[in-house]
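Here are the chains, one letter per residue:
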Amino acid sequence: MKFNELGLQESVLEGIKAAGFEICTNVQEMVLPVSLTGRDVMVQSKTGSGKTAVYLLTILEQYQKRKNAGLPLPVSLVIAPTRELALQIEEDAKLLSSHMKDFKVACFYGGVGYQRQNEEISSGLSLYVGTPGRLIDFALSRKIDFRQFSTVVIDEADRMFDMGFYPDVQRMFSMMCSKEDRQTLLLSATLSTRVRNLAWEYMNEPVELESQPEEITVKNITQELFHVSKDEKFYLLLQILNKIAPKSCLIFTNTKGRAVEVAKRLSLNGYKSSYLMGDMTKRERLEAL
């Protein structure tokens, strides 16, 4: 299916063209005809399948339709588990809404000061994107009113709950308007019991859709285990890297200190490398990425 077959507003189609999209992915073809009608949807689909465009296009289409009809403009919320994902969603939203002059989007996350984000709220937004902690902070200080959101999206729900955000998400929903008065979209790579409980409690008869669910063991990845002593591990790692010569490589360590050590030792052995960990500043993490 092509995006121009969905009956979208012209300004939304222009944004899709600016993003270089033409053909829908499997999940987009399955979910958009349902979400564009205003129904709640619970979507299971693997990471990288195109879920972000599903809810952003749903939000943009509803906004433009109401604007063209002279109706009050809707305000939407996207909740994401990490600031990196939230920033990526903000970037995608700005690109897809590039032909909608009045549509404003901003991102809210912790680890940075409040001043700029306060200014964003005061400017009058169409779409809020953020992580749970900072969004709740603004709600408690009465800067954000959760009752204003007519569309709410929970992105990467399984990751969010694995990171301990389940009580925060419940708290946010308790501050929103009734489920009958909003559209709620929940997207996840897996639909665990906690994800389904959230859907049953806070969604209005959601349509459950599944496209390319996440596989626990990816079939096209070869998995190998090497039993070596602690002193031999790094030497073996160098041998593997030399043999495979990967264009890029991701290495997990069991401690922060070990991550720093491995990255530095790789650099000394001619491999350009950086490390990432949770307590780095936003600037440090973005520079590493």
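As a starting point, this report considers the structure included with it. Given the structure is predicted, the values throughout are model-derived calculations rather than measurements.

### Digging into the pattern of salt bridges
- Under the criterion given, the structure shown has 13 salt bridges.
- Put simply, R194 and D162 hold a salt bridge, and the shortest N to O gap is 3.7 Å. Here R194, found in helix α9 (residues 193-202), pairs with D162, found in helix α7 (residues 157-162); they are 32 residues apart in sequence, far enough to count as distant.
- Given a relative accessible area of 37%, R194 falls into the partly exposed group.
- Each of R83, E84 and R285 takes part in a single network of salt bridges with overlapping partners.

### Remarks on the environment of L127
- Within the fold, L127 resides in strand β4 (residues 127-130).
- For L127, a relative accessible area of 0% puts it in the buried group.
- Once the C-alpha coordinates of L127 and L60 are considered, the two residues, 67 residues apart in sequence, prove to be 9.4 Å apart.
- Each residue touching L127, except ones within four places of it in the same chain, is listed here: L56, I59, S76, L77, V78, A93, F103, K104, V105 and A106.

### Some points on the sheet that holds strand β2 (residues 75-79)
- Spatially, β3-β4-β2-β5-β6-β1-β7 is the arrangement adopted by the seven strands of the open sheet, whose pairing is parallel. The sheet is open, and its two borders are formed by β3 (105-108) and β7 (207-211), each paired with just one other strand. Within this sheet the neighbouring strands show an average axis-to-axis angle of 15°, counted without direction.
- Across the sheet, helix α3 (residues 51-68) lies against β1 (41-45), β2, β4, β5 (149-154) and β6 (183-188), angled at about 170° from β6, the strand it touches most.

### Things to note about the packing of aromatic side chains
- Going through the model one piece at a time under the given rule, you end up with nine aromatic pairs.
- Pairing F161 with Y166 gives two aromatic rings, centres 4.9 Å apart and planes at 90°, and the pair type is edge-to-face.
- F161 sits in the buried class, given a relative accessible area of 2%.
- Y166 sits in the buried class, given a relative accessible area of 14%.
- Chaining the aromatic ring pairs together yields one cluster made of F108, Y114, Y128, F138, F146 and F149.
- Over the aromatic face of Y114 sits the side chain of R134, whose NZ or CZ is 3.8 Å from the ring centroid.
- The lysine or arginine in question, R265, covers the ring of F234, its NZ or CZ lying 4.1 Å from the ring centre.

### Some remarks on the side chain of R285
- Residue placement: R285 occurs in helix α12 (residues 282-288).
- In contact with R285, other than residues within four places in its own chain, are R83, E84, L276, M277, G278 and M280.

### Regarding the pairing of β2
- The element β2 is largely enclosed, with a buried count of five among its five residues.
- Burial along β2 is two-sided: V75, L77 and I79 facing one way and S76 and V78 facing the other are all buried.
- The pairing of β2 with β5 spans five bridges and is parallel. Bridge assignment links S76 to a residue of β5, and that residue is T151.
- Judged from the four bridges that link them, β2 and β4 form a sheet pairing that is parallel. Residue S76 lies in a different strand from β4, and its bridge partner there is L127.

What counts, and at which threshold
Residues numbered from 1 in each chain as written. Predicted model: local features only at pLDDT ≥ 70, side-chain atom pairs only at ≥ 80, totals over all residues. Heavy atoms only, no water. Salt bridge = Lys/Arg side-chain N within 4 Å of Asp/Glu carboxyl O. Helix = DSSP H or I, 4+ residues; strand = E, 2+ residues; numbered from the N terminus. Buried < 20%, exposed > 50% of the residue type's maximum accessible area, 1.4 Å probe, protein only. Contact = heavy atoms within 4.5 Å. Pairing = 2+ DSSP bridges. Axes fitted to C-alpha atoms, helices over the stretch in contact; angles between N-to-C directions. Phe/Tyr/Trp six-rings, centres within 6.5 Å; stacked < 30°, edge-to-face > 60°. Lys NZ or Arg CZ within 6 Å of the ring centre and 35° of its normal.

Function cannot be inferred from these measures alone, as they are strictly geometric.
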